[in-house]
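The chain contents come next:
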Amino acid sequence: MLTLLRLIKKEIFQDLSSPGSFFVYALVVIAFFVSGDQQFALQLFTAAFSVSAAIYVIKLFYYKPRPDNPKKIRHKDIFIRLNESSFPSIHAARASLLGIAFISRYENLMAIIFAVFIIASVSISRVMLKRHYMSDVVAGIVLGVFTGYIVFL
C-alpha cells in the first residue's frame, strides 16, 4: 500500500511539473500561432529561446549535481552533462515565462492567479521530485521573470 501511495504521489508531482516542460510550452506556442496570434507566438518562442540559451550557458560553466544523484561524475557527453546539471531549473524558468506572458496578455486577476499557481506548482514539484534544490528553482524563476519582463512588458 505504501508503495502505491509513493507511486501516486510521484505521478501527481510529475503532472504538476508538466507546464514547465518543453512539450507543453511548445504546444502553447503552436496554439497561439494556429489561432492567428502569430506575434504573441513569436514572443513566446523568443522568450523560451532566450531563457534556454542563458540557462544552458550557465550549466555549461557551472555543474551542480541533482538531488536524486548528488555525486559529481564525469560525463562522457556534453549534452548529458547539461541535462544532468541541476542549476538553474529550466522548468521553473519556462513556467515563469508562461506566467508573465499570460499576465501581460490578459491583465486581470485570473491571469495573476493562474501565473502564481503555475509557477508555484512547477517549482514545488521539481523540488519534491528531487530533480532540483530550492535554489535551483528560485534561480529559474528569476531568469524566467526577468526574460518575461523584457519580452512581454
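So, how was this worked out
- Residues numbered from 1 in each chain as written.
- Predicted model: local features only at pLDDT ≥ 70, side-chain atom pairs only at ≥ 80, totals over all residues.
- Heavy atoms only, no water.
- Salt bridge = Lys/Arg side-chain N within 4 Å of Asp/Glu carboxyl O.
- Helix = DSSP H or I, 4+ residues; strand = E, 2+ residues; numbered from the N terminus.
- Phe/Tyr/Trp six-rings, centres within 6.5 Å; stacked < 30°, edge-to-face > 60°.
- Buried < 20%, exposed > 50% of the residue type's maximum accessible area, 1.4 Å probe, protein only.

Caption draft 1: Structural context of the pattern of salt bridges. Applying the stated criterion across every chain yields a total of three salt bridges. Two residues, R131 and D68, come together in a salt bridge whose shortest N-O distance is 2.8 Å. Highlighted residues: R131 in the loop between α6 (109–128) and α7 (134–152) and D68 in the loop between α3 (38–61) and α4 (78–84), separated in sequence by 63 residues.

Caption draft 2: Seen up close, the packing of aromatic side chains. Taken as a whole and assessed by the stated rule, the structure comprises eight aromatic pairs. Between F22 and F23 the ring centres are 5.4 Å apart and the planes differ by 80°, which places this aromatic pair in the edge-to-face class. Here F22 matches F23 in class, with each residue exposed. Each ring, one from F45 and one from F49, has its centre 6.4 Å from the other, and the planes form 20°; the classification is stacked. Residue F45 and its partner F49 are located together in helix α3, separated by four residues, close to a single helical turn. Exposure class is identical for F45 and F49. Each is exposed. Here a set of aromatic residues connected by ring pairs shows up, and it is made of F32, F40, F102, Y106, F114 and F152.

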